[in-house]
Amino acid sequence: MSESVVKKVLIKAIKELEESGDIVVVNPVQDAVANKLLEVVQEVSPNLLTAQELGGILSALNAHSLGFGLDDNDFQTIIGLTKEELKIAASKLKLVEW
């Protein structure tokens, strides 16, 4: 699920809560509340993946440590990130320990 889909759902929910009188948003910045909610959702579920999708990605992230070696240039060309960038991305998942 993409960020824009999640954000649209959050905006819809906030507007429904406002219309029902359950909350009052006074921030003049449009979508500020939705942006903050999206930020915290992404901290616990950065990609909103299924367990199978996440398992496949974790396996791919760990493939180079299992002997599937690539030199640094090939690694970046194939993966699209440097090893350090991949390490940072994996740490956002909070499930991979490097």
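Residues numbered from 1 in each chain as written. Predicted model: local features only at pLDDT ≥ 70, side-chain atom pairs only at ≥ 80, totals over all residues. Heavy atoms only, no water.

Visitor: Can you help me understand the overall build of the chain in this one?
Guide: Helix and strand counts for the chain stand at 5 helices and 0 strands. Ordered by position in the sequence, the α and β elements of the chain form the string α-α-α-α-α. Going through the 98 residues of the chain one by one, you find that 14% of them count as buried. Across the chain, the fraction of contacts at a sequence separation of at least 24, relative to all contacts at a separation of at least 6, is 50%. (Helix = DSSP H or I, 4+ residues; strand = E, 2+ residues; numbered from the N terminus. Buried < 20%, exposed > 50% of the residue type's maximum accessible area, 1.4 Å probe, protein only. Contact = heavy atoms within 4.5 Å.)

Visitor: When you look at the nonpolar core in this model, what are you seeing that I'm missing?
Guide: The nonpolar side chains of a soluble globular protein tend to be buried, and buried together. One finds Val6, Leu10, Ile11, Ile14, Ala34 and Leu38 forming the largest nonpolar core, which totals 6 residues. Counting residues per element, the ones that place at least two in this core are helix H1 (3-19) and helix H2 (32-44). Dropping the residues within four chain positions of it, Ile11 is found in contact with Asp31 and Ala34. Judged by nonpolar contacts, the second largest core, of 5 residues, contains Leu61, Phe75, Leu86 and Ala90. (Core = buried A, V, L, I, M, F, W, Y, C linked by side-chain atoms within 4.5 Å.)

Visitor: For this particular structure, what's the right way to read a nonpolar patch on the surface?
Guide: Taken together, the side chains of Leu70, Ile78 and Ile79 make up a nonpolar region of the molecular surface, amounting to roughly 260 Å² of accessible area. Judged by relative accessible area, Ile78 falls into the exposed class, the value being 59%. (Patch = residues over 30% accessible without salt bridge, like charges linked within 9 Å, V, L, I, M, F, W, Y side chains within 5 Å. Areas by Shrake-Rupley, 256 points an atom, 1.4 Å probe, with all protein chains shown as cover. Salt bridge = Lys/Arg side-chain N within 4 Å of Asp/Glu carboxyl O.)

Visitor: Looking at this structure, I do not really get unusual backbone geometry. What am I missing?
Guide: Unlike most non-glycine residues, Asp31 shows phi in positive territory, near 70 degrees. Its location among the elements puts Asp31 in the loop between H1 and H2. Taking relative accessible area as the criterion, Asp31 reaches 26% and is therefore assigned partly exposed.

Visitor: Can you walk me through the environment of Ser4 in this structure?
Guide: Tracing the chain through its elements places Ser4 in helix H1. Classification of Ser4 as partly exposed rests on a relative accessible area of 42%. Taking C-alpha positions, Ser4 is 9.6 Å from Leu38, a pair spaced 34 residues apart along the chain.

Visitor: Whenever I open this one, the pattern of salt bridges confuses me. Can you help?
Guide: Where side chains of opposite charge bring their charged atoms close, a pairing between them can arise. Within this structure, the stated rule accounts for 2 salt bridges. Here Lys12 makes a salt bridge to Glu16, at a shortest N to O gap of 3.7 Å. Of this pair, Lys12 and Glu16 both sit in helix H1, 4 residues apart, roughly one helical turn. In this structure Glu16 comes out as partly exposed when scored by relative accessible area, which is 44%. For Glu39, the salt bridge identified is with Lys36, shortest N-O distance 3.3 Å. Taken together, the residues span about one helical turn, with Glu39 and Lys36 both in helix H2 at a distance of 3 residues. On the accessibility criterion, Glu39 (40% relative accessible area) is partly exposed.

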